[in-house]
Amino acid sequence: MSTVTEALTAAHCGLPLLCLSVMTNMAAGVLDQPLSQEEVEQTGARVAERFGACLEKIVARLGEAL
């Protein structure tokens, strides 16, 4: 949940910025169920391969641009 704060800080400092986030659960109070670390871990595991592939493509494209 700190991605926005970190992005704003980087922008304020004039740093180039690329942000990627994976939403792993709903915010507290959105659903009628308690938050669970298990839910976060399951969602992370479910998207890891796709997210990793996306990240590899981005890094490759950035490398080409340099």
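Refer to the preceding data block for the structure.
Residues numbered from 1 in each chain as written. Predicted model: local features only at pLDDT ≥ 70, side-chain atom pairs only at ≥ 80, totals over all residues. Heavy atoms only, no water.

Trainee: It is not clear to me how the overall build of the protein chain should be interpreted in this structure. Could you clarify?
Mentor: Looking only at helices and strands, the protein chain features two helices and zero strands. Principal-axis analysis of the C-alpha atoms gives the protein chain an extent of 45 × 30 × 15 Å. Burial analysis of the protein chain (66 residues in total) assigns 6% to the buried set. For the protein chain, the computed accessible surface area is about 5,900 Å², with 60% contributed by carbon and sulfur atoms. (Helix = DSSP H or I, 4+ residues; strand = E, 2+ residues; numbered from the N terminus. Buried < 20%, exposed > 50% of the residue type's maximum accessible area, 1.4 Å probe, protein only. Areas by Shrake-Rupley, 256 points an atom, 1.4 Å probe, with all protein chains shown as cover.)

Trainee: Would you mind going over the state of the cysteines with me for this structure?
Mentor: Covalently bonding the sulfur atom of one cysteine to the sulfur atom of another cysteine gives a disulfide. Considering all chains together, one arrives at zero disulfides under this definition. In this model Cys13 remains outside any disulfide bridge; the closest cysteine sulfur is found in Cys19, 13 Å from its own. Classification of Cys13 by relative accessible area gives exposed; the value is 52%. Overall, Cys19 belongs to the partly exposed group, its relative accessible area being 37%. (Disulfide = S-S within 2.5 Å.)

Trainee: Looking at this structure, I do not really get a nonpolar patch on the surface. What am I missing?
Mentor: On the surface, Leu18, Leu20, Val22, Phe51, Leu55, Val59 and Leu62 cluster together into a nonpolar patch covering about 570 Å² of accessible area. If you trace the backbone, Val59 turns up in helix α2 (residues 37–65). Assessed through its relative accessible area of 51%, Val59 is described here as exposed. (Patch = residues over 30% accessible without salt bridge, like charges linked within 9 Å, V, L, I, M, F, W, Y side chains within 5 Å. Salt bridge = Lys/Arg side-chain N within 4 Å of Asp/Glu carboxyl O.)

In short, geometric facts, not functional conclusions.
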